[in-house]
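Spelled out, the chains give:
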Amino acid sequence: SILTVSNHNHKRVYFSFLGLHGTIEYMKVMIVEDNEEIAQLYNMAFQAQQCDTSVHKDGLDAITFLADNEADLILLDLMMPEMDGFSFLEALQNNTSSNSKVIIASNLSDDQSITRARQYNSVLDYFKKSDYKKKKIVEEALTVYRKSQL
């Protein structure tokens, strides 16, 4: 039998099958991307990797979500309306108790933007979107995140 329990932080599945018992806990990933098509590609790729996802169109929507929820990993675009990625990183650092880790996926490739983004403790890595297929960004983001947890 299988019982699925969801809370604000994680989706947890308890199972009992042929005398085996266990728990599977899904990683919670926030996708912060204003391009709906790209966001859905990321979303499908993370879900294919058994992640529990939420999609946010800008930094303001994402930071509001984090007021009541937690994410293990945030995939963050930098150029967005309402609240850009840099403003989101500032708010994440100064206004939340979040322990979320951030991977940047942006088309900003100038050294100044990369250096500015990497100054935040939560940022694990920076990928230029045009250099990778979306599925590869997701795979690399998960690898970087998992290595950071060792």
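Keep in mind the model is a prediction, meaning the values are calculated, not measured.

What counts and what doesn't
Residues numbered from 1 in each chain as written. Predicted model: local features only at pLDDT ≥ 70, side-chain atom pairs only at ≥ 80, totals over all residues. Heavy atoms only, no water. Buried < 20%, exposed > 50% of the residue type's maximum accessible area, 1.4 Å probe, protein only. Helix = DSSP H or I, 4+ residues; strand = E, 2+ residues; numbered from the N terminus. Pairing = 2+ DSSP bridges. Right-handed = clockwise from strand over helix to strand, strands pointing away. Core = buried A, V, L, I, M, F, W, Y, C linked by side-chain atoms within 4.5 Å. Contact = heavy atoms within 4.5 Å. Axes fitted to C-alpha atoms, helices over the stretch in contact; angles between N-to-C directions. Parallel < 35°, antiparallel > 145°, perpendicular 65-115°, else oblique. Left-handed = near helix turned anticlockwise from the far one by under 90°. Polar contact = N/O pair within 3.5 Å; in protein donor to acceptor, adjacent residues only side chain to side chain.

Participant: Can you explain the pairing of strand 4 (residues 28–32)? Please cite residues and give values.
Facilitator: Taking burial as the measure, the 5 residues of strand 4 include 5 buried ones, the bulk of the element. Alternating residues of strand 4 divide into K28, M30 and V32 and V29 and I31, and every residue in both groups is buried. Note: strand 4 against strand 5 (residues 52–56), 5 bridges, orientation parallel. By the bridge assignment for strand 5, K28 is matched with D52. The parallel pair strand 4 and strand 5 is bridged by helix 1 (residues 36–48), and the resulting crossover is right-handed. Here strand 4 pairs with strand 6 (residues 73–76) via 4 bridges, running parallel. Looking at strand 6, one finds that V32 is bridged to L76.

Participant: How would you sum up the nonpolar core? Please name residues and give values.
Facilitator: L66, I74, L76, F88, V102 and I104 are the most contacted members of the largest nonpolar core, which totals 23 residues. Elements with a minimum of two residues in this core: strand 4, helix 2 (59–66), strand 6, helix 3 (85–95), strand 7 (101–106) and strand 8 (123–128). In terms of residue count, helix 3 provides more of this core than any other element does, 5 residues in total. If we ignore the near neighbours within four places in the chain, the residues touching I104 are L76, L78, L89, A117, V123, D125, Y126 and F127. Core analysis: the second largest hydrophobic core is formed by 20 residues, V29, A45, C51 and L73 among them.

Participant: Tell me what's going on with the packing of helix 2 against helix 3, and back it up with residues and numbers.
Facilitator: When two helices pack together, their arrangement is given by the angle between the helix axes and by the axis-to-axis distance. Look at helix 2 against helix 3: their axes get within 9 Å of each other, and the N-to-C directions meet at 20°. Taken together, the axes of helix 2 and helix 3 are roughly parallel relative to one another. Like other packed secondary-structure pairs, helix 2 and helix 3 cross with a definite hand, here right-handed. Judged by residue contacts, G59, A62, I63 and L66 of helix 2 engage F88, A91 and L92 from helix 3.

Participant: Please give an account of the side chain of S98 that cites residues and values.
Facilitator: Along the chain, S98 falls in the loop between helix 3 and strand 7. At 3.2 Å, the side chain of S98 forms a polar contact with the side chain of E70. Here the side chain of S98 touches S100 through a polar contact of 2.7 Å, side chain to side chain. The contacts of S98, once residues within four sequence positions are left out, are L66, E70 and L92.

Participant: Please set out the sheet that holds strand 5 residue by residue, giving values where relevant.
Facilitator: Read from one edge to the other, the open sheet built from 5 strands follows the order 5-4-6-7-8, with strand pairing classed as parallel. Across the chains shown, the open sheet's two edge strands, defined by having one partner strand only, are strand 5 and strand 8. Across the sheet, the mean angle from the axis of one strand to that of its neighbour is 15°, orientation sign disregarded. Packed on one face of the sheet, helix 3 meets strand 6, strand 7 and strand 8 and runs near 155° to strand 6. Lying on the sheet, helix 4 (residues 111–118) is in contact with strand 7 and strand 8; it crosses strand 8 at an angle near 155°.

By themselves, these figures tell us nothing about what the structure is for.
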